[in-house]
Amino acid sequence: MNVHVQPRPRSRQMILERVRAATHSVTKGAGELEDAYAALPRGYVRSGGLSGEARIALMIERLREYGAEVIECGPEQVQAAIAAQLASSGKHTFVVPAGLSAAWLTPGFEWKIDRDLIASEIEQAEGVVTAAFCGVADSGTIVLHHSAAEARRVLTLLPDWHLCVLRARQVVETLPEYFARCEQAPGLATYISGPSATADIEMTRIKGVHGPRLLHVVMVRDE
Amino acid sequence: MSHGSYHPILDPTKAPAFPSAVLPVLRNPQLRKNVAHAIDVIQAKRGKLVAEKTDWQELRTAGAAIRAHALENLGFYLEQFEERCTAAGGVVHWAADAAEARQIIVKLLREENASEVIKIKTMTSAEIQLNPFLESAGVRTYETDLAEIILQLGEDEPSHIVVPALHVNRSQVREIFSRTMGLKDLSDDPKELTNAVRTYLRRKFLDIPTAISGANFLVAETGSVVVVESEGNGRMCLTLPRTMITLAGIEKVLPRFQDLEVMLQVLARSATGERMNPYTSVWTGVKPGDGPQKFHVVLLDNGRSSILAKKTERQTLRCIRCAACMNACPVYRQTGGHAYGSVYPGPIGAILTPQLMELHHARSLPYASSLCGACYEVCPVKINIPEVLLELRSRVVNQGRDQAGRLFDPMYLGLRIASLIFSRAWLFHTAQFFGRVGLRFLRRKDGWIHSLPSIGGKWTQTRDLRGLPSQTFHGWWAARKRETK
């Protein structure tokens, strides 16, 4: 059996021809296109005006509004902060990405390191610990680019409890500042703003539909 | 009235005209109450979060400009998207119309030997009526968005593009879930109802290896697809299965990844009144070891390129499906979504649906508006919906002008006669005279006409008409001149 559907060059060509015919009077040539894009109006706020301290305070406030538990610690106390969160979680089995610092794996708990774990194994874990790429204070968003310490996407999805270690240096104030930090567009990215939620029944906001219901953040004050 | 007592028709080729389609809704107080409540909640949240955004208008301006630029150069950006997505391991398909899109998807599912498929909410799949087609082809579809489950299990249709089941209240949801999931002791607490869905779907997510999604955005620069959601059902569908099929309209392309800094800020605020939706996912083709290892994108035209060709109407395609226009619309608030006879209701539906049908159907929709402009004011990409509505109305009229049957159309004849009369002073004065004499018999003591005979009754059905005064301005002016002489 064929792996792929036979391509249908006719529809492709027809659609592109119709699109080009529809826009021929306004479409730019290759060189002009670049200029036209560069000239698009961008009068919105690109970078925020908060001081470092206020920026972190805003991030923490937003996370707490979402119901996330946030604890702050110095760069030297990350291990201890993680251990405290684990201890108070009442959970025992955790999955972690292979790229996470081994020092963070507090003894006394069961750690499953993700080396091609299958979904059912991940689902049996009670929690997950990861790093992050960035935090956006304005909307309390945690950005994952799914690097080796940020885990594959499925790891932060199936367990019910997510502990994320975020460094103050990683926190920006506005969304455009995050995009400015991406030297290259990520192939995979997940933006998490509070636990999963729905308002589909009478607009009543219910937290925790399918993703992790509990989000914990360790904010490392490394600035 | 019990829920599901009538099944709305959301096929514009079969749906009744708007004025008759609204009648079942206007007679259903429960439905109207559900719609008004939901709209009030979203509007209040949106208003608060838009007000705190000091650069809201600048974001709208940028959003409109980015979308307009993408559409003006759509050929370039579509090809760029195809090239980059293919390079990343995706397979891009092109579907000229709904039938071709359905066939491509069914063929892909056959290759996977898929008898079941999990779905992320996608209005585009509803547009091409994918679910009934898949069922008839022997593929069972499982909707995974909470609202879509309510509708699928309740055999109902979406009435809103962001919260599709906003016309259903909690006790109706309880009834549907307890009947279809066999949960006798279920209460109508939204938390308990949501938990029932979490349990119901968890196994499906883990077991069904094929998923279908829509796309909020396609990024030309990177070949990435972006899905914006709240519940996490989207992340489940686009992470766990083996094979992922994304169906997207050709207009969904953004030039660059960075453009999301504008679109994501305006979308969540406009759609659900949040600073940011809980989950946004970006993926690019196939990533070994993470997520589906086979990925297909079906790019759907289905009338979009013909909208693109029209200067005024082109802006319709800027739409990012936030639904702010329907939440702000005084007509939608009264009628809900089903009356629009399309998966795209409200003001955007009133301009999009007739155009997707190339004005062969849904011709009553451009009139389903008071032209108050609230939709334009809230639109995050500045689609001037009233302008497009007027353009479409004129095209509907022009279409009628070419038909042979127009000579039997009282509206057409009436306006032709009126134009004749207004263009000749003596005819106008004569008509005024006869009008004064004729209408005098209908005028009541209070000076108002409460009911007109025959076709004029349509006017007085919902309003009174002031009786003509005994003297016209012309007559008064002439008499005054005579007196002063």
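Residues numbered from 1 in each chain as written. Chains lettered and ligands numbered in written order. Predicted model: local features only at pLDDT ≥ 70, side-chain atom pairs only at ≥ 80, totals over all residues. Heavy atoms only, no water.

1. A short note on the sheet that holds strand E6 (residues 224-229) of chain B
As a reminder, the rule being used: By this definition, two strands are paired if DSSP reports at least two bridges between them. A run of H or I in DSSP counts as a helix once it spans at least four residues, and a run of E counts as a strand once it spans at least two, with each numbered from the N terminus.
Spatial strand order, E8(A)-E5(A)-E6(A)-E9(A)-E9(B)-E6(B)-E5(B)-E8(B): 8 strands in an open sheet with mixed pairing. One side of each edge strand has no neighbouring strand; the edge strands of this open sheet are strand E8 (171-172) of chain A together with strand E8 (253-254) of chain B.

2. Let's talk about the interface of chain B and chain A
Interface extent is often summarised as the accessible area lost during association of the parts. Note the cut-off: Here, residues are in contact when the closest pair of their heavy atoms is within 4.5 Å. When two components associate, each loses some accessible surface as probed by a 1.4 Å sphere; the sum of these losses over both components is called the buried area. When a carboxyl oxygen of Asp or Glu is within 4 Å of a side-chain nitrogen of Lys or Arg, the pair counts as a salt bridge.
Counting residues at the interface gives 103 residues for chain B and 81 residues for chain A. Summing both partners gives a buried area of about 8100 Å² for chain B against chain A, and 58% of it is carried by carbon and sulfur. Together, B:Arg198, B:Arg235 and B:Glu261 form the three largest contributors to the area buried by chain B at its contact with chain A, with a combined 9%. Linking chain B with chain A are 13 salt bridges. The salt bridge involving B:Glu274 is made with A:Arg205; its shortest N-O contact spans 2.7 Å. By residue number, the principal contributor to the side of chain B that touches chain A is helix H11 (residues 190-207) of chain B, which donates 11 residues. Note that strand E9 (residues 189-192) of chain A and strand E9 (residues 279-284) of chain B share 4 bridges and pair antiparallel. Residue pairing in the sheet places A:Ile192 in a bridge with B:Tyr279 of E9(B).

3. As for the environment of A:Ala119
Residue and element names in this part refer to chain A. Going by this rule: Three exposure classes are used, based on accessible area relative to the maximum for each residue type with a 1.4 Å probe and protein chains only: buried under 20%, partly exposed in between, and exposed over 50%.
By the secondary structure assignment, Ala 119 is in helix H5 (residues 119-124). For Ala 119, a relative accessible area of 24% gives the class partly exposed. In this structure the C-alpha to C-alpha distance between Ala 119 and Leu 155, which are 36 residues apart in sequence, comes to 8.6 Å.

4. A look at the side chain of A:Thr23
Along the chain, the position of A:Thr23 falls in helix H1 (residues 9-23). Sequence-distant contacts of A:Thr23, defined by excluding residues within four places in its chain, comprise B:Leu71, B:Glu72, B:Leu308 and B:Arg314.

5. Thoughts on the state of the cysteines
The test is simple: Two cysteine sulfurs form a disulfide in these notes if their separation is within 2.5 Å.
One pass over the structure, following the stated rule, counts 0 disulfides over all chains. Unpaired in terms of disulfides, A:Cys164 finds its nearest cysteine sulfur in A:Cys134, a separation of 11 Å. With a relative accessible area of 0%, A:Cys164 lands in the buried category. For B:Cys322, which is in no disulfide, the shortest distance to another cysteine sulfur is to B:Cys379 and amounts to 6.3 Å.

6. What to know about the packing of helix H17 (residues 346-356) of chain B against helix H19 (residues 385-401) of chain B
All names here are of chain B. Which entries qualify depends on this criterion: What counts as an axis is a line fitted to C-alpha atoms, over the stretch in contact for a helix, and the angles between N-to-C directions run from 0 to 180 degrees. Crossing handedness follows the turn of the near helix against the far one: under a right angle anticlockwise gives a left-handed crossing, and clockwise gives a right-handed one. All residues other than Ala, Val, Leu, Ile, Met, Phe, Trp, Tyr, Cys, Pro, Asp, Glu, Lys and Arg, Gly among them, are scored as polar; the first ten of these are nonpolar and the last four charged.
At a minimum axis distance of 10 Å, the contact between H17 and H19 shows a crossing angle of 40°. The two elements H17 and H19 cross, and the hand of that crossing is left-handed. Contacts between H17 and H19 involve Pro 347, Ile 348, Ala 350, Ile 351 and Gln 355 on the former and, on the latter, Ile 385, Val 388, Leu 389 and Leu 392. Residues that form the contact of H17 with H19 fall into these classes: 8 nonpolar, 1 polar and no charged.

7. So, the confidence of the model for chain A
Any region with low pLDDT has predicted coordinates that should not be read closely. Here is the rule: Note on scores: pLDDT gives the predictor's confidence for each residue, bounded by 0 and 100.
When pLDDT is averaged along chain A, the result is 93, and 96% of the positions lie at 70 or above. A low-confidence stretch, residues 1-5 of chain A (pLDDT under 50), is modelled with 12 contacts involving residues beyond four sequence positions or located in other chains.

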